[in-house]
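Overview (structure and organization)
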Amino acid sequence: MTWKEARARVEEAGRSLWVAAWLGWQIESNWTDPFLFAVYSVVKPVAGALILVFMYVVVARGGLANPLFPYVFVGNAFYIYVGAVLMGVSWAVIDDREHYGTLKYLYVAPVSVPAYLLGRGAAQTGVATLSTGITLLVGVGILGIEIPPGGVHGALLAGALVLGLLSLAFLGLLLGGATLLTARHNYFLGQAVAGALYLLSGVVFPLDVLPPPLQALGKALPTTYWLEALRRALLGDGGNATLGALPTGTVLLILGLSTAGLAFASVLVFRLAEGLAHRRGLLDMQTMH
Amino acid sequence: MPLRAEVGTFLRTAWGRAYPRVIGMSREKSWILFDVLLPLLQVSAYVFIYRAIGAPREFTGFVVLGGAMTAYWMNILWSMASQLYWEKETGNLELYLIAPTSRMAILLGMALGGIAATTLRAVGVLLLGTLLFRVPLAPTSVPALVGVFLLTLIALYGLGMLLASLFLLWGREAWHLANLLQEPVFLLSGFYFPVRALGFFVALGASLVPITLGLDAMRQLLYPRMMEGLKFLPVGVELGALAGLGVAFLVLAHRALRFFEDLARREGRLTLRGQ
């Protein structure tokens, strides 16, 4: 490939991503007025966080002053991204193939389909950013979680957030590849992956509480290191005894390397799935979801 | 039409609409696996939270029971409330409307089929959760427990039939509204903790969703000592309220279906797709 061709491909991918993000935003938000959309975006995640609050209030000695509470709350707030990014990217395949019937047109247009799908996920990521921010504000402003602005490690927070979101986006692309070959299993696959990450990544309880085999699985997941880095950036402590010995640089390095590996694997799998779907005539499949 | 023929048509319609849901259970077996495993992942996470904060073992039972009941609420949202929206999208709604039968029979069939399919999932979650986490179970009265459960289902699916009528008007909003009614209802109905923790008046408001009262009553019957200071209302009152809600929702569903069908017909929304 010549330099000129490579540049054209990058430009095409960038254009596809940008247009898909705009389209995704319209699909996500234009079903109602902005006020109702804002309420919708906030109520769901805040309710999810409040379930944990009341579980604590009922049981934990010291209630919300229990030292475990900030750990749980921050993990849960950032977990909002997991469902949004994973499903945002992979659900676009079902949405475009079966609901709008436009996937086949993407393949006859000068569009980079992986970039397009990542763009569709970007819109959901935007909504998730709003929800996560408001959930954290509720935690700090109403529930008294101590995240002093001066004590936040900004660079670590930004670095971990970007790497984590990339890792989730590529995981979404991997699921998108599987969705190209399957009928109506996307919802279940996405939920299963998101549910497994919720359980195994120490989102709402320290990894140390899990039985050893599940702990080992948790340590193999990028999301575990993502949340560990985010908690270190915001709370000063990751809260997991099993990861406590790792220096922050190592946590970021593991996160970076696993994201790179995931990116490579997901693009490869997506291209393979795309080829198979093309040959089997699945690109305009209708399964009446 | 003579009454006998009318009743026959009603029953055949209900069975006809329930049939694909019952048969559908065995058509795609991987769905059963996912339907049991997905709630179990969430239940496991909440069990580990309670373990991390040193909660008594009964709280594991609260979570497993709540996790099993989530299957019914999800079924109400996605396969009752939103069902007429899906039917509109797939072109079946107009066939329902021109069929010489009662719309209530169609809704009843949806509910009965939904109950059958969902019970399989709920039992799976309950059994696996109980075995995995060694949940203590010592019901004080099995008939009362079964009675509470059945009344909860009647009231809940009555609500589902009412929501199906309301959702008839909507396009994409239906999908988003169903999505919105998940976590907030899990919170307000006390799926994972005793609803009394929210305060009496919030719990009273949340009792419009029958699972709130049903869960509280079932927890009282399963864990009387633990629920002593955490119960919302006495079991007898909750049973009465569930029976009242069941009747009210069924009557309202019947009226709402007529009203919203007429409104949707006038506004030309019955055949509007891809919104």
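Residues numbered from 1 in each chain as written. Chains lettered and ligands numbered in written order. Predicted model: local features only at pLDDT ≥ 70, side-chain atom pairs only at ≥ 80, totals over all residues. Heavy atoms only, no water.

It is worth spelling out the overall build of chain A at this point. Helix and strand counts for chain A come out as 10 helices and 0 strands. Compactness check: chain A gives a C-alpha radius of gyration of 20 Å against a globular reference of 19 Å for 289 residues, within 12% of the reference. In terms of overall dimensions, chain A has C-alpha extents of about 60 × 45 × 35 Å along its principal axes. By the burial criterion, 52% of the 289 residues in chain A qualify as buried. Look at the contacts in chain A between residues 6 or more apart in sequence, and 78% of them connect residues 24 or more apart. Of the roughly 12600 Å² of accessible surface on chain A, a fraction of 70% belongs to carbon and sulfur atoms. (Helix = DSSP H or I, 4+ residues; strand = E, 2+ residues; numbered from the N terminus. Rg over C-alpha atoms; globule rule 2.2 N^0.38 Å. Buried < 20%, exposed > 50% of the residue type's maximum accessible area, 1.4 Å probe, protein only. Contact = heavy atoms within 4.5 Å. Areas by Shrake-Rupley, 256 points an atom, 1.4 Å probe, with all protein chains shown as cover.)

Moving on: the nonpolar core. Trp226 of chain A together with Trp73 of chain B are the most contacted members of the largest nonpolar core, which has 170 residues in total. Counting residues per element, this core draws most heavily on helix H3 (residues 68-99) of chain A, at 18 residues. Grouped together as the second largest cluster of nonpolar side chains are 5 residues, Trp31, Tyr40 and Val127 of chain A together with Leu180 of chain B included. (Core = buried A, V, L, I, M, F, W, Y, C linked by side-chain atoms within 4.5 Å.)

What follows is about helix H3 (residues 58-81) of chain B. Because each turn of an α-helix spans 3.6 residues, side chains separated by three or four positions in sequence point in the same direction. All names here are of chain B. With 24 residues, H3 extends 33 Å between its outermost C-alpha atoms, agreeing within 8% with the 34 Å of an ideal straight helix rising 1.5 Å per residue. Maximum bend of H3: about 30°, positioned at Asn75. The buried count for H3 comes to 21 of 24 residues, which makes it a mostly enclosed element. (Expected span 1.5 Å × (residues − 1). Bend = angle between axes of the 7 residues up to and from the residue.)

A few words now on the interface of chain B and chain A. Taken together, the contact pairs 42 residues of chain B with 41 residues of chain A. In this assembly, chain B packs against chain A so that about 3700 Å² is buried in total across both faces, 77% of it on carbon and sulfur atoms. Linking chain B with chain A are 1 salt bridge, by the criterion used here. One salt bridge in this structure joins Lys44 of chain A and Glu183 of chain B, with 2.7 Å as the shortest N-O distance. (Buried area = accessible area lost by both parts, 1.4 Å probe. Salt bridge = Lys/Arg side-chain N within 4 Å of Asp/Glu carboxyl O.)

We now examine the confidence of the model for chain B. Caution applies to low-pLDDT regions: their predicted coordinates should not be interpreted in detail. Within chain B, residue pLDDT values average 88, and 97% of them lie at 70 or more. Of all secondary-structure elements in chain B, the lowest mean pLDDT belongs to helix H8 (residues 172-180) of chain B, at 78, while helix H11 (residues 210-222) of chain B reaches the highest, 96. (pLDDT = per-residue confidence, 0-100.)

Let's shift gears to the packing of aromatic side chains. Applying the stated criterion across every chain, the model contains 23 aromatic pairs over all chains. The interplanar angle of 80° and the centroid separation of 6.4 Å between the aromatic rings of Phe78 of chain A and Trp226 of chain A together place this pair among those described as edge-to-face. Remark: Trp226 of chain A occurs in helix H9 (residues 222-235) and Phe78 of chain A occurs in helix H3; sequence separation between them is 148 residues. Comparing Phe78 of chain A with Trp226 of chain A shows no difference in burial state: the two are buried. A centroid spacing of 5.0 Å and a plane angle of 65° characterise the contact between Phe186 of chain B and Phe191 of chain B, whose relative ring orientation is edge-to-face. For Phe191 of chain B, a relative accessible area of 0% corresponds to the buried category. Taken together through their ring pairs, the aromatic side chains of Tyr79 and Tyr198 of chain A together with Tyr46, Phe186, Phe191 and Tyr192 of chain B make up a single cluster. Above the ring of Tyr71 of chain A, the side-chain terminus of Arg231 of chain A is found at 3.5 Å from the ring centroid. (Phe/Tyr/Trp six-rings, centres within 6.5 Å; stacked < 30°, edge-to-face > 60°. Lys NZ or Arg CZ within 6 Å of the ring centre and 35° of its normal.)

Next up on the list: the environment of Gly124 of chain B. With respect to the helices, strands and loops of the structure, Gly124 of chain B is situated in helix H6 (residues 103-133). Between the C-alpha atom of Gly124 of chain B and that of Leu107 of chain B, which follows or precedes it by 17 residues, the distance is 26 Å.

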